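# Chains, contacts and geometry: an overview
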Amino acid sequence: MTTAGAVEERTRPEADSPRTTSAPSSVRRLLPGSHDAATWAGHVERYGPLPWLTGRAEALRAEVADSGLSGRGGAGFPTAVKLESVAARGNAVVVANGTEGEPASAKDKILMRRNPHLVLDGVLVAMAAVGAREAVVAVARKDASSRARLEAILRERRAQTGAIRLAEVPDRFVAGEESALVHWLNGGPAKPTFTPPRPFERGFGGRPTLVQNVETLANLGLVARYGAGRFRAVGTEDEPGSVLVTVVGAVRRPGVVEVALGTPLRSVLERCGGVPEPQRALLVGGYFGTWIPPTLDVPLSRAGLRQAGAALGARTIAVLPQRVCPLAETARIVRYLAAESAGQCGPCVFGLPAVADSMAALARGGAQAAALRRISALTPQVLGRGACAHPDGAVRLVASALTVFADEVDHHLAGSCTASADAPLLPIAHETESWR
Amino acid sequence: MNALVTSKAIWYVMRGSGVVSLLLLTGVVALGIATSVRWRPRELPGFVTAGLHRSVALLSVVFVVLHVASAVLDPYAVVGVAAVFVPLLAGKSAVWVGVGALSVDLVAALIVSSLLRPYLGRRLWSGVHWLAYAAWPLALAHGLGMGSDARTLWLRLLAASCVAGVLALLAWRVHGRTEGTKRLERRPRPRRLAEESGA
Amino acid sequence: MSTNEHLRVDPIQCDAYGHCAEFLPELIELDEWGYPIVDDRPVPPELVRDARRAVNACPRLALVLERRTL
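Residues numbered from 1 in each chain as written. Chains lettered and ligands numbered in written order. Predicted model: local features only at pLDDT ≥ 70, side-chain atom pairs only at ≥ 80, totals over all residues.

Turning our eyes to something else, we now look at the packing of helix α5 (residues 116-130) of chain A against helix α9 (residues 214-231) of chain A. All names here are of chain A. Close contact between α5 and α9 brings their axes to 7 Å; oriented N to C, the two are set at 75°. Between α5 and α9, the interaxial angle falls into the category roughly perpendicular. Contact residues: Leu 118, Val 119, Asp 121, Gly 122, Val 123, Val 125 and Ala 126 in α5; Val 214, Leu 217, Ala 218, Asn 219, Leu 220, Gly 221 and Ala 224 in α9. Of the residues in the contact of α5 with α9, the class split is 10 nonpolar, 3 polar and 1 charged. (Axes fitted to C-alpha atoms, helices over the stretch in contact; angles between N-to-C directions. Helix = DSSP H or I, 4+ residues; strand = E, 2+ residues; numbered from the N terminus. Parallel < 35°, antiparallel > 145°, perpendicular 65-115°, else oblique. Contact = placed C-beta atoms within 7 Å. Nonpolar A, V, L, I, M, F, W, Y, C, P; charged D, E, K, R; others polar.)

As structure tokens, then:
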């Protein structure tokens, strides 16, 4: 372990928000403010050297278990459990998932560009923890910046990282899904496969595969250096650590921020310059997440969001101002999600466009209540009937919109709309055709 | 004299069972295509069509076996058992017997792989099943090339109608998969959504 | 008495032939696009034979009958 001289976090209490909880809202572990991230020397000066990893698989896994680290990629699965199930099977391989197919999310890209060394540290720790002699870092094809940074540091640290290679993945929404990613790496299209077997049983090259988000891996790099105790110094008892969150929409400074788990949404938005106009709602968790009313005391954590009817998901918060029509935005997103279906499962291929059509009719105004009934009839036919959770996400987004914006739905059915903006707000990627 | 009568009887059985085999195999191909295009005349359940496909296939095996056995037993046909399965081992008319032998091999592979389908897995079974499209024309070529009846009008008409039927069915197969198929890749592309500036 | 056999459909292989629902309407019904909605509770003992027939009938081998130890 490192000496106490290495500073692992600098916290800056917010001067202008007296309501901050005891966990500091400004945390700088993964996205340090100023350090020379470009070179290995600068990285070591900031974080300290990476501890000896060889032959310490069990000890590393125990430390991760004590730390309470859970996945930062969406599902939020306890990392230690994943490590155990892969390690137990032998002949493992590690896949770092930096594909970030969610259009509203940029946290993984920012992390890979600004702190690639810590991500790489995490890959090495994961390899040691599961006994893998090989690893792949997966990056989206269009994310040339991240790829360039990672290539550079892989070269710089050639001695340590000879068995790690980079892979480019097609720019599709579901390409980052665990089984889709493995399918791609195995030479197929970047489309989900029927599970079981899940990647941890049989994945890349038929071997037990540990698929982890790059942010999770970066946290592993911290746990290995500083231990579980210091890792837990930030965050909540049940959900320790910090998270990267992408904030988009009607905030003054949209972008990626790092906050402690449990930080109230209000503080997160204030880190982004606050919201200069009346808010209508927040879309939490990405485009497969859910809408919630703008109750800003909700803590940013799995438990806190669940109470509010949402989940961390893709770790994005989109702030929707009053002037933008929530039904129009939802309709746009669902249309995008329908186009991003892998096209493998009937209920998704046929159900999502049908839901998108009904949502579009509601958004346009003048639609009949039949559109609502259509959505109710479609929902049980779509939910849980695909090979992956893509259709579920779309359907849940719509369900949350119809609940949270019930008043707006009534307005639209009567032919009016309370919004004034003409232009859409939330980012949607260009549609690309390639699955290969 | 008895030997001659027996030999003639065998010869008639060989020709007759050959023609019936060809008709049944044409039926198998037709029913296979009908199953895959989901032909549902008057709400007839799909499993009926699929079931008929299997039953007719098994029936055609009976007649193919009869045809092959009588060819082997026929003293004038000079077809050894080995030549039934291995092309080019027979004496006179070797080429056409060989073509028939190839067809028999493929039919045998189809039958065996289908009986063992749950154990073979989808991809292996599917790969072998595509060979069906080779087994049928080989059987037809064998029938036309073998000589004895091939020059008669009735056989030519029969062969022609089988060919016409199968070609029509193939066109249907290529064109007409209407319900229940996942057509996402063939849908018109949704209009491009403008890229917004993200974080 | 109940079995611990469960039906499950692979939605990627499934191509909406619908033969399974014809064999086993008690446990499988078709959605509006012809894809099977499979009851995933344990198969009652008197229907196990029909369930096996349904599995064999699927042209895509998309339906499976599996034993679940839970």
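So, next bit.
Our next topic: the sheet that holds strand β1 (residues 93-98) of chain A. Residues and elements named next belong to chain A. Within the open sheet, the 4 strands sit side by side as β3-β2-β1-β4. Their pairing is parallel. Looking along the sheet, the strands with just one partner apiece sit at the ends: β3 (164-169) and β4 (209-213). Taken pair by pair, the neighbouring strands of this sheet meet at an average axis angle of 25°, ignoring direction. Taken together, the 5 bridges between β1 and β4 define a ladder with parallel strand orientation. Its bridge partner being in β4, Val 95 is matched across the sheet by Val 211. With respect to the sheet, α5 is in contact with β1, β2 (135-140), β3 and β4, its orientation differing from that of β1 by roughly 150°. Against the sheet, α9 engages β1 and β4, with an angle of about 95° to β4. (Pairing = 2+ DSSP bridges.)

Right, let's talk about the pairing of strand β7 (residues 279-284) of chain A for a bit. Residue and element names in this part refer to chain A. Taken across its 6 residues, β7 has 5 buried, putting it largely inside the fold. Relative to strand β9 (residues 316-321), β7 runs antiparallel, the two sharing 5 bridges. Directly across from Gln 279, in β9, lies its bridge partner Pro 321. In the sheet, β7 pairs with strand β8 (residues 290-292) via 3 bridges, with the strands oriented antiparallel. Bridging from a neighbouring strand, Leu 282 pairs with Ile 292 of β8. Two successive antiparallel strands, β7 and β8, enclose a turn made up of 5 residues, where Gly 285 displays a positive phi of approximately 100°. (Buried ≥ 20, exposed ≤ 12 C-beta atoms within 10 Å, placed from the backbone.)

Interfaces are often described in size by the accessible area the parts lose on coming together. Contact residues are listed per partner, giving 15 residues for chain C and 11 residues for chain B. Those elements that provide at least two residues to the side of chain C that touches chain B are α1 (19-23) and α2 (48-57) of chain C. No other element matches the 3 residues that α1 of chain C contributes to the side of chain C that touches chain B. Taken together, the residues of the side of chain C that touches chain B sort by class into 7 nonpolar, 5 polar and 3 charged.

This part covers unusual backbone geometry. Residue Pro 196 of chain A is bonded to the preceding Thr 195 of chain A through a cis peptide linkage, with omega at 10°. Of note, Pro 196 of chain A is situated in the loop between α8 (178-185) and β4. Backbone torsion omega between Pro 196 of chain A and Pro 197 of chain A reads 5°, so that peptide bond is classified as cis. Counting through the fold element by element, Pro 197 of chain A comes out in the loop between α8 and β4. Positive phi, normally seen in glycine, also occurs at Glu 100 of chain A, with a value near 45°. Inspection of the secondary structure puts Glu 100 of chain A in the loop between β1 and α4 (107-114). C-beta crowding within 10 Å serves as the criterion here: with 29 such atoms nearby, Glu 100 of chain A is assigned to the buried category. The phi angle at Ala 16 of chain C is positive, at roughly 55°, despite the residue not being glycine.

Residue and element names in this part refer to chain A. Looking at the assigned domains, one finds that chain A contains domain 1 (40-231), domain 2 (242-321) and domain 3 (326-413). Placing a centre on the C-alpha atoms of domain 1 and another on those of domain 2 gives a separation of 25 Å. On the side of domain 2, 15 residues touch domain 1, which itself brings 12 residues to the contact. With 3 residues, the top contributor of residues to the side of domain 1 that touches domain 2 is α4. Here the side of domain 1 that touches domain 2 is built from residues that sort into 5 nonpolar, 3 polar and 4 charged. (Domains from an automatic or database assignment.)

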